[in-house]
Amino acid sequence: MSAAAGLPLAWLVARAAGLVAFGLLTLSVWLGLAMSTKLLGTKRQKPLLEWHRTIVWAALSVLGLHLGAVLLDPVLHFGLPAVLVPFAAPWKPVAVGAGVVAGWLSLVLAVSFRLRKRIGQKGWRRLHYASFGAFALALGHALFTGTDLQGVGGPVLAAVAAGPVVWLGLARILLPRRVPARAAAAATGTA
């Protein structure tokens, strides 16, 4: 199918931008989890954190394109409330609402990088647990609103996107944490 086949250009852009935004958000979650497990090493943390931030802001930019295209789509007739207020969409309100909540959560998480010193490392880390919810909601939105994911496409996307999140999440929980040298020395009384 193409725009020449009678499909509105806005709808094509909305579909493509939605998939790209989801891909970038997924990559950001993978990278964040990989960094938190230290599977990528500790010396690379600073540059990886910069990539993590850049990817999430790129995802939010493409998400803006997705929203703009949805607003211009002559078939859906979405207004601003439908794309900004959870569950206000006239079409598939629960699935669209999941995407809206995922978008807002992703924006809050992206902004939290700038507020990290104000909210503290512990609070920032706790806030980042919301990334699991944002990811799950975005995946649900993609699966239940994405016309490109009907048939085998949906399960394939779910497996490719969620598989590493589950694996890295389990690694984060199950792998032993490295204890900083000072804390280890203090615990053993050799400090």
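Being a predicted model, the structure only gives us computed values, none of them experimental.

What counts as what
- Residues numbered from 1 in each chain as written.
- Predicted model: local features only at pLDDT ≥ 70, side-chain atom pairs only at ≥ 80, totals over all residues.
- Heavy atoms only, no water.
- Helix = DSSP H or I, 4+ residues; strand = E, 2+ residues; numbered from the N terminus.
- Expected span 1.5 Å × (residues − 1).
- pLDDT = per-residue confidence, 0-100.
- Phe/Tyr/Trp six-rings, centres within 6.5 Å; stacked < 30°, edge-to-face > 60°.
- Lys NZ or Arg CZ within 6 Å of the ring centre and 35° of its normal.
- Salt bridge = Lys/Arg side-chain N within 4 Å of Asp/Glu carboxyl O.
- Buried < 20%, exposed > 50% of the residue type's maximum accessible area, 1.4 Å probe, protein only.

**As for helix H1 (residues 9-37)**
Turning to step 1, where the next piece is worked out: Between the first and last C-alpha of H1 there are 42 Å, a value that for 29 residues agrees with the 42 Å anticipated at 1.5 Å per step.
Turning to step 2, where the next piece is worked out: One or two residues past the end of H1 sits lysine 38, with phi positive at roughly 65°.

**A look at the confidence of the model for the protein**
Turning to step 1, where the next piece is worked out: Residues at a pLDDT of 70 or more form 89% of the protein, whose mean pLDDT is 87.
Turning to step 2, where the next piece is worked out: Mean pLDDT in the protein bottoms out at helix H8 (residues 181-188), which sits at 53, and peaks at helix H4 (residues 93-112), which reaches 97.

**Quick look at unusual backbone geometry**
Turning to step 1, where the next piece is worked out: In this structure, histidine 77 takes a positive phi of about 55° despite not being glycine.
Turning to step 2, where the next piece is worked out: Note on placement: histidine 77 falls in the loop between helix H2 (45-72) and helix H3 (80-84).
Turning to step 3, where the next piece is worked out: You will see that lysine 92, though not glycine, has its phi angle at about 45°, which is positive.
Turning to step 4, where the next piece is worked out: Tracing the sequence through the fold places lysine 92 in the loop between H3 and H4.

**Here's the deal with the packing of aromatic side chains**
Turning to step 1, where the next piece is worked out: Counted according to the given criterion, the structure contains 2 aromatic pairs.
Turning to step 2, where the next piece is worked out: The ring of tryptophan 11 is capped by arginine 15, whose NZ or CZ atom sits 4.2 Å from the centre of that ring.
Turning to step 3, where the next piece is worked out: Positioned above the aromatic ring of tryptophan 124 is the side chain of arginine 116, whose terminal nitrogen or guanidinium carbon lies 3.6 Å from the ring centre.

**Concerning the pattern of salt bridges**
Once their charged atoms are close, side chains differing in charge can pair, the charge on each being opposite to the other.
Turning to step 1, where the next piece is worked out: Inspection of every chain in the model, using the stated rule, returns 1 salt bridge.
Turning to step 2, where the next piece is worked out: Here arginine 53 makes a salt bridge to glutamate 50, at a shortest N to O gap of 3.1 Å. Of this pair, arginine 53 and glutamate 50 both sit in helix H2, separated by 3 residues, roughly a single helical turn.
Turning to step 3, where the next piece is worked out: For arginine 53, a relative accessible area of 25% translates into the label partly exposed.

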